[in-house]
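Take a look at the letters that make up each chain.
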Amino acid sequence: MKHKQEWIEAAILLFCVGMLFYSLFYLQGKEYYAISLAIILSGVILFLLKFENRKPSAAELTIIAVMCALAVASRVSFFFLPEVKPMAAVVIIVGISLGAETGFITGAMSAFLSNFYFGQGSWTPFQMFALGLVGFFSGIVFRWIPVNKISLCLYGVSSVLLLYGGIVDINTLFYYEGENTLPAVLAVYGASFPFNLAFGISTAVFLVLLHKPVLRKLARVKRKYGLIDIDHEMKH
């Protein structure tokens, strides 16, 4: 059953990739709301998969809504410093505490909702999928390694640089440069590297500051409401 679920999750993520390429080459960024909806529905399916034979409780859904709201508020609160925001850190913490699937839907929803403030566009589905993957892989990576300052910093910087920056900049490459030649690729990724690095470093800093109190509160809530126990041993 576990291996079957992993294959289904992989297929759903590949579907999201297909949707992004479809938006690039066929829709040319015009139907970004439709692609965003497809990614949201994919995240919902991922979330429901982890419950197998039971439905998520109202308490579980409430926690996710609260964490999404926190991620959105954290991005909006730092609007004056575009590359310094705690949003990715919040999504990573959700993935660690509540699982990969919850991390994905929190990341995707947070990017979508916060863009009603910052502006929707062809970049929205890319941001949703990228931030969703940051949360998804945090739930996987930290099943196997201890949660401490070093591991959080390394994951925070690398996931933002490679996953978030690498995926979101594809939108810039196609819709702003209009070509995918090597000089254009180097120009886009080179120009965005300082901004992605600043975002990654700020994510690492916020992870160090937030992970202990937020993880403790989430663990307390999970114990109180008898939620699915996916905690692992944390070594600080």
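Residues numbered from 1 in each chain as written. Predicted model: local features only at pLDDT ≥ 70, side-chain atom pairs only at ≥ 80, totals over all residues. Heavy atoms only, no water.

1. Re the confidence of the model for the protein
Caution applies to low-pLDDT parts of the model: their predicted coordinates are not meant to be read in detail.
Next, step 1: Scored by pLDDT, the protein comes out at a mean of 86, with 91% of its residues at no less than 70.
Next, step 2: Per-residue pLDDT stays below 50 along residues 229–236; that stretch engages in 22 contacts with residues further than four places along the chain or on separate chains. (pLDDT = per-residue confidence, 0-100. Contact = heavy atoms within 4.5 Å.)

2. Some points on a positive patch on the surface
Next, step 1: A contiguous patch of positive charge on the surface is contributed by Lys149, Lys212, Arg216, Lys217, Arg220 and Arg223.
Next, step 2: Element by element, the count of residues in the positive patch is highest for helix H8 (residues 182–225), at 5 residues.
Next, step 3: Here Arg223 lies in helix H8. (Patch = residues over 30% accessible without salt bridge, like charges linked within 9 Å, V, L, I, M, F, W, Y side chains within 5 Å. Areas by Shrake-Rupley, 256 points an atom, 1.4 Å probe, with all protein chains shown as cover. Salt bridge = Lys/Arg side-chain N within 4 Å of Asp/Glu carboxyl O. Lys, Arg positive; Asp, Glu negative; His and termini not counted. Charge placed at Lys NZ, Arg CZ, Asp CG, Glu CD. Helix = DSSP H or I, 4+ residues; strand = E, 2+ residues; numbered from the N terminus.)

3. Regarding the nonpolar core
Next, step 1: Of all hydrophobic cores here, the largest spans 53 residues; its most connected members are Ile39, Phe104 and Phe129.
Next, step 2: If you list the elements that add at least two residues to this core, you get helix H1 (2–27), helix H2 (32–49), helix H3 (58–77), helix H4 (87–98), helix H5 (100–118), helix H6 (123–144), helix H7 (149–177) and H8.
Next, step 3: Looking at this core, the element that brings in the most residues is H4, giving 10 residues.
Next, step 4: Beyond its immediate sequence surroundings of up to four residues, Ile39 is in contact with Cys16, Leu20, Phe104, Ala108, Pro125, Met128 and Phe129.
Next, step 5: In terms of nonpolar packing, the next biggest core, distinct from the first, is built from 5 residues, Phe47, Phe51, Cys68 and Ile105 among them. (Core = buried A, V, L, I, M, F, W, Y, C linked by side-chain atoms within 4.5 Å. Buried < 20%, exposed > 50% of the residue type's maximum accessible area, 1.4 Å probe, protein only.)

4. Topic: H8
Each turn of an α-helix holds 3.6 residues, which means side chains three or four residues apart point in the same direction.
Next, step 1: Over its 44 residues, H8 extends only 53 Å from the first C-alpha to the last, a length that falls short of the 64 Å expected when each residue adds 1.5 Å.
Next, step 2: Of all the bends in H8, the largest measures some 50 degrees and sits at Leu210, one to four residues before the proline Pro213. (Expected span 1.5 Å × (residues − 1). Bend = angle between axes of the 7 residues up to and from the residue.)

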